[in-house]
Amino acid sequence: MSDTDPIGLDRGLTNYGDPDFARYLRRSFARSTGISPELLSGPVVGIAATHSGFNNCHRLVPDLVEAVSRGVLAAGALPLPFPTVSLGEVFLNPTSMMFRNLMAMDTEEMIRAQPMDAVVLVGGCDKTVPAQLMGATSANRPAVQLVTGPMSTGRHRGTRLGACTDCRSYWARHRAGEVDAAEIAIVEGRLAATAGTCAVMGTASTMACLAETLGFALPGTAAIPAVAAERLVAAEAAGRAAVALLKTPVTPDRLVTVKSIENALRVLMAIGGSTNAIVHLAAIAGRRGIRIGWDRLNAISDETPVLVDLKPVGEGYMEDFHAAGGLGAVLRELRPLLHLDTVDVTGRTLGERLAEPPEWIDRRIIRPFDDPVSREGGLIALTGSLAPDGAIFKRAAATPALFETEGRAVVFTSLDDLAARIDDPDLDVTPSDVLVLQNAGPHAAGMPEAGYLPIPKTLARAGVKDMVRISDARMSGTAFGTVVLHVSPEAAAGGPLAAVRSGDRIRLSVSAKAIDLLVPPDELARRLADHRPPPAPERGYAALYRRSVLQAPEGCDFDFLRG
Ligand code: FES
């Protein structure tokens, strides 16, 4: 920003064909807020506030906005909160994923259209941080990400509970007949014990760590619990940092680079993070014209150990991670593998940050590089005749005994078909079969978190805990199992997944990073020739979504929003 550029409310005047009138009118209306002319004539920091009655994870956003405002005011600028779309993961139909791009567009356009010199983005629940980072990257105005922070754990009969890995394990035990209806009702009230995002290294916490790695969030803030006083201090610091950015701008185009995306992938592997983060990172990178190649992803995964022992991969919860040293401790262990010349919103390089003396580290939660939880990274990409454009597999959360599997396909053609037949006592299924779900990808269904197909009740009751499951859907970051996700192209787009029939043979090879449909190519071509895409919605956002959404390797972004 040069000295002659307009600042604050003088930015981006409403177009009446008379700029002086527009400035006069805007100031006149701004005076009706009761804010002093001195503050109204200075720099402005917008605060993207995402409080919503439909988003429990953002329950404390009003407190955070107040603390950010305090920091902005203390640093000499005017804080102006503004609302955007808010996405509460479990309150959206058909799936929150479908609305991530809507929130990203809202965020981008409101940053650009309203007169602010910098913005603090307050988000937390799974899709909100990716949406805010996508929007801010495209708007390219100085931006600081503040996350709401993770929930603290609850207790049930002496056992710690945290949303939502424990939601799934208790539900699986309920389906298997081990936990009765009365107990599951009690557990329901104890899983999500406080405000904040899910208590494990699910998608929200993964994206919080990646926002800090990319440099959008202040160092040390990703994992502070939602209810901690420290979280409010971080909010105040975010407000001050946004004002500091006015003097020394570090715009998002300096934060989202090939190197920072590679650092983010390293961290994703080391924390045993969510598969969803691959889609979101691809979308954020795509806003700058950067593409994540599967070979590079796999090389990074093979070189980067899992260092963090948290659910769903390990045992701990996010509150333990923060107390153990948090992301800073992980970055320090990964130092030899990281690009150290990336910068963050403070203007410091990662190398400068990591040159500071380390704090105490709890080695039960954050392991040293040479004594990791696992020598290889948590996620890999698979390719093969079933997924020519790739699929994602979370090996850290899968059953090693199933890594090299050839099995018979049991196909469900849609989410409705899955719901109707998975627990049918007459379903022809054995533990060595491969469950396949079609038509749950971005075009067909908005790509819901349906890839964690339930184990058929007949098998669950017989003690089967895991099976190979394959789909074009996603999986919650809090889930676990031998689950192949994001198969691309999706079935509805005519990918080979559409051609799978029950009884076909499928081979998963984690060592070869391959997923293959063992059907002769000519037979596959014959089946696909008959494929018809599902009918497209005709109006509104659903029609725009279907027309414009890209496949998972492009982050399911809209084609017209890519960089
Ligand atoms: Fe909001 Fe898990 S439901 S973070």
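From a predicted model like this one, the values you see are computed outputs, not experimental measurements. (Residues numbered from 1 in each chain as written. Predicted model: local features only at pLDDT ≥ 70, side-chain atom pairs only at ≥ 80, totals over all residues. Heavy atoms only, no water.)

Caption draft 1: Main features of the pairing of strand β9 (residues 404–412). For β9 and strand β13 (residues 505–509), the ladder comprises 5 bridges, and the chain directions are antiparallel. The partner of Gly 407 across the bridge, within β13, is Ile 506. Looking at chain direction, β9 and strand β10 (residues 434–437) are connected through 4 bridges and run parallel. For Phe 412, the partnering residue across the bridge sits in β10 and is Leu 437. (Pairing = 2+ DSSP bridges. Helix = DSSP H or I, 4+ residues; strand = E, 2+ residues; numbered from the N terminus.)

Caption draft 2: Region of interest: the side chain of Asp 117. Locating Asp 117 in the fold gives a position in the loop between α4 (97–113) and β3 (118–123). A polar side-chain atom of Asp 117 sits 2.9 Å from the main-chain amide nitrogen of Gly 8. At 2.7 Å, the side chain of Asp 117 forms a polar contact with the side chain of Arg 11. (Polar contact = N/O pair within 3.5 Å; in protein donor to acceptor, adjacent residues only side chain to side chain.)

Caption draft 3: How the structure looks around the nonpolar core. In this structure, Val 120, Leu 297, Phe 321 and Val 330 are the most contacted members of the largest nonpolar core, which totals 99 residues. Of the residues forming this core, the biggest block, 8 residues, is contributed by helix α12 (residues 276–286). Leaving out residues up to four positions away in the same chain, Val 330 has contacts with Ala 270, Ile 271, Leu 307, Val 308, Phe 321 and Ile 366. Ranked by size, the runner-up nonpolar core spans 29 residues in total, among them Ile 470, Ala 498, Val 510 and Leu 524. (Core = buried A, V, L, I, M, F, W, Y, C linked by side-chain atoms within 4.5 Å. Buried < 20%, exposed > 50% of the residue type's maximum accessible area, 1.4 Å probe, protein only. Contact = heavy atoms within 4.5 Å.)

Caption draft 4: Examining the state of the cysteines more closely. This model, assessed by the stated rule, comprises 1 disulfide. Covalent S-S linkage joins Cys 164 and Cys 167, the inter-sulfur distance amounting to 1.7 Å. As the torsion about the S-S bond is roughly -95°, the Cys 164-Cys 167 disulfide counts as left-handed. Here Cys 164 matches Cys 167 in class, with each residue buried. Free cysteine: Cys 209, not disulfide-bonded; nearest cysteine sulfur from Cys 198 at 14 Å. (Disulfide = S-S within 2.5 Å.)

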